[in-house]
Amino acid sequence: LQNKEYVCRGHDYERLEAFQQRMLSEFPQAIAMQHPNHPDDSILQCDAQYLQIYAVTPIPDNIDVLQMDRVPDRIKSFYRVNNIRKFRYDRPFHKGPKDKENEFKSLWIERTTLTLTHSLPGISRWFEVERRELVEVSPLENAIQVVENKNQELRTLISQYQHKQMHGNINLLSMCLNGVIDAAVNGGIARYQEAFFDKDYITKHPGDAEKITQLKDLMQEQVHVLGVGLAVHEKYVHPEMRPLHKKLIDQFQMMRSSLYH
């Protein structure tokens, strides 16, 4: 096992802390490393036992299935976490001076992609990493991915309520809508606007014009998706939760007008 990397599928509903404890009980002499950075030679070549454990995100192969509207969400959720050979983890870092007013301007992502010898899950619950690739994701590309992922999460959740897959309890939708709208009013999307839509940034980064347009389109799409979500929320919201719904509507109007502005 020395100096090897594996991706392991934990037990159902197992928290990362519980998995770490399970591994450390199997290797009682091991020292747990507290960071996901790649270990240096002093660690790789020493006599002591070290264990480095962190969470990774699956990268699905069947993208076509996930993008088809007619495929049920339960089937999509299966393909998101099964028959996976590639996984990734992201480490945020600041390149150049950090802008105290708006840290998104200098927030880069160091993205490591791990490719396994076999797809998970298989006969075994863990397989060895045969290749690792490292790329840096620019602040603008990161913003695009964050908004795109949030739009996808919202669409999936709204669809579940529309198709009666979620019954009675509207709390999950309330929390999700509140998280996005509140962040957009108090920072979030507004920070992206300040960082990437001002004349100074556009002048300094002429090659980013297409990506800036893509981010604008995704933001407008988010406004549309939130509008649909609020309509669904109004339909199912409990009378006691009406004040929250009214607050969401008011904040949504502010968010929409600031985006159009």
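Residues numbered from 1 in each chain as written. Predicted model: local features only at pLDDT ≥ 70, side-chain atom pairs only at ≥ 80, totals over all residues. Heavy atoms only, no water.

As annotated in an unreviewed UniProt entry, the chain carries the name DOCK3 protein and is attributed to Chloroceryle aenea. Recorded under Sequence similarities (unreviewed entry), the UniProt text for the chain is reproduced unchanged: "Belongs to the DOCK family." (UniProt positions renumbered as here; feature names shortened; annotations may be inferred.)

S.K.: Explain the overall build of the chain here, please?
M.R.: Each helix and strand counted, the chain has ten helices and seven strands in total. Projected onto its principal axes, the C-alpha positions of the chain cover 60 × 50 × 35 Å. Among the 261 residues that make up the chain, the fraction classed as buried is 32%. For the chain, contacts bridging at least 24 residues in sequence account for 63% of all contacts bridging at least 6. Across the chain, the mean location of the 33 positive side-chain charges is 5 Å away from that of the 35 negative side-chain charges. (Helix = DSSP H or I, 4+ residues; strand = E, 2+ residues; numbered from the N terminus. Buried < 20%, exposed > 50% of the residue type's maximum accessible area, 1.4 Å probe, protein only. Contact = heavy atoms within 4.5 Å. Lys, Arg positive; Asp, Glu negative; His and termini not counted. Charge placed at Lys NZ, Arg CZ, Asp CG, Glu CD.)

S.K.: I keep staring at the domain arrangement of the chain and nothing clicks. Help me out?
M.R.: Taken as a whole, the chain is organised into domain 1 (6–137) and domain 2 (139–258). For domain 1 versus domain 2, the separation of C-alpha centres amounts to 27 Å. Facing the 13 residues of domain 1 at the interface are 15 residues of domain 2. Summed over both partners, the interface of domain 1 with domain 2 comes to about 1200 Å²; 48% of that surface belongs to carbon and sulfur atoms. Summed over the shared surface of domain 1 and domain 2, the number is zero salt bridges. Linking domain 1 with domain 2 are two residue pairs in polar contact (both at pLDDT 80 or more). Looking at the side of domain 1 that touches domain 2, the elements that each hand over two or more residues are α4 (73–81), β6 (107–120) and β7 (126–137). Residues belonging to the side of domain 1 that touches domain 2 are distributed by class as follows: five nonpolar, two polar and six charged. (Domains from an automatic or database assignment. Buried area = accessible area lost by both parts, 1.4 Å probe. Salt bridge = Lys/Arg side-chain N within 4 Å of Asp/Glu carboxyl O. Polar contact = N/O pair within 3.5 Å; in protein donor to acceptor, adjacent residues only side chain to side chain. Nonpolar A, V, L, I, M, F, W, Y, C, P; charged D, E, K, R; others polar.)

S.K.: So what exactly am I meant to see when it comes to the side chain of Gln222 here?
M.R.: With respect to the helices, strands and loops of the structure, Gln222 is situated in helix α9 (residues 209–236). One polar contact links Gln222 to Asn151, side chain to side chain, over a distance of 2.9 Å. Excluding residues within four positions of it along the chain, Gln222 makes contact with Val147, Lys150, Asn151, Leu154, Val180, Ile189 and Met255.

S.K.: Can you help me understand the packing of aromatic side chains in this one?
M.R.: Aromatic ring pairs are reported here in terms of the distance separating the ring centres and the angle at which the planes meet. A complete count under the given rule lists six aromatic pairs for this structure. Measuring from centroid to centroid gives 5.4 Å for Phe78 and Tyr79, while their planes differ by 85 degrees, and the two rings are edge-to-face. Note on Phe78: relative accessible area 42%, which makes it partly exposed. Grouping aromatic residues by their ring pairs yields a cluster made of Phe104, Tyr192, Phe196 and Tyr201. Of note, Lys95 hangs over the ring of Trp108, and the distance from its end group to the ring centre comes to 3.9 Å. Just above the ring of Phe197 sits the side chain of Lys216; from NZ or CZ to the centre is 5.2 Å. (Phe/Tyr/Trp six-rings, centres within 6.5 Å; stacked < 30°, edge-to-face > 60°. Lys NZ or Arg CZ within 6 Å of the ring centre and 35° of its normal.)

S.K.: What is the right way to read the packing of helix α7 (residues 189–196) against α9 from this model?
M.R.: The packing of two helices is summarised by the inter-axis angle and the distance between the axes. Packing of α7 against α9 brings their axes to within 12 Å, and their N-to-C directions diverge by 160 degrees. Between α7 and α9, the interaxial angle falls into the category roughly antiparallel. In this structure, the crossing between α7 and α9 has a hand that is left-handed. Residues Ile189, Tyr192, Gln193 and Phe196 of α7 form the contact with α9, whose own contacting residues are Ile212, Leu215, Met219 and Gln222. (Axes fitted to C-alpha atoms, helices over the stretch in contact; angles between N-to-C directions. Parallel < 35°, antiparallel > 145°, perpendicular 65-115°, else oblique. Left-handed = near helix turned anticlockwise from the far one by under 90°.)

S.K.: So what exactly am I meant to see when it comes to the pattern of salt bridges here?
M.R.: Any two side chains of opposite charge can pair, given that their charged atoms come close. One pass over the structure, following the stated rule, counts 16 salt bridges. Put simply, Glu130 and Arg85 hold a salt bridge, and the shortest N to O gap is 2.5 Å. Of the two residues, Glu130 is situated in strand β7 and Arg85 in strand β5 (residues 84–94); the sequence distance between them amounts to 45 residues. Overall, the relative accessible area of 30% leaves Arg85 in the partly exposed class. Arg155 is the salt-bridge partner of Glu221, the closest N and O atoms lying 2.2 Å from each other. Taken together, the positions of Glu221 in helix α9 and Arg155 in helix α5 (residues 139–162) put the pair 66 residues apart, joining distant regions of the chain. Owing to a relative accessible area of 28%, Glu221 belongs among the partly exposed residues under this scheme.

S.K.: Please clarify how a nonpolar patch on the surface should be interpreted in this entry.
M.R.: Taken together, Leu1, Tyr6 and Trp126 make up a surface patch of nonpolar side chains, about 310 Å² in accessible area. Here Trp126 lies in strand β7. (Patch = residues over 30% accessible without salt bridge, like charges linked within 9 Å, V, L, I, M, F, W, Y side chains within 5 Å. Areas by Shrake-Rupley, 256 points an atom, 1.4 Å probe, with all protein chains shown as cover.)

S.K.: Help me understand the packing of α5 against α9 in this model?
M.R.: Between α5 and α9, the shortest axis-to-axis distance is 9 Å and the interhelical angle comes to 25 degrees. Classed by the angle they form, the pair α5 and α9 counts as roughly parallel. As α5 packs across α9, the resulting crossing turns out to be left-handed.

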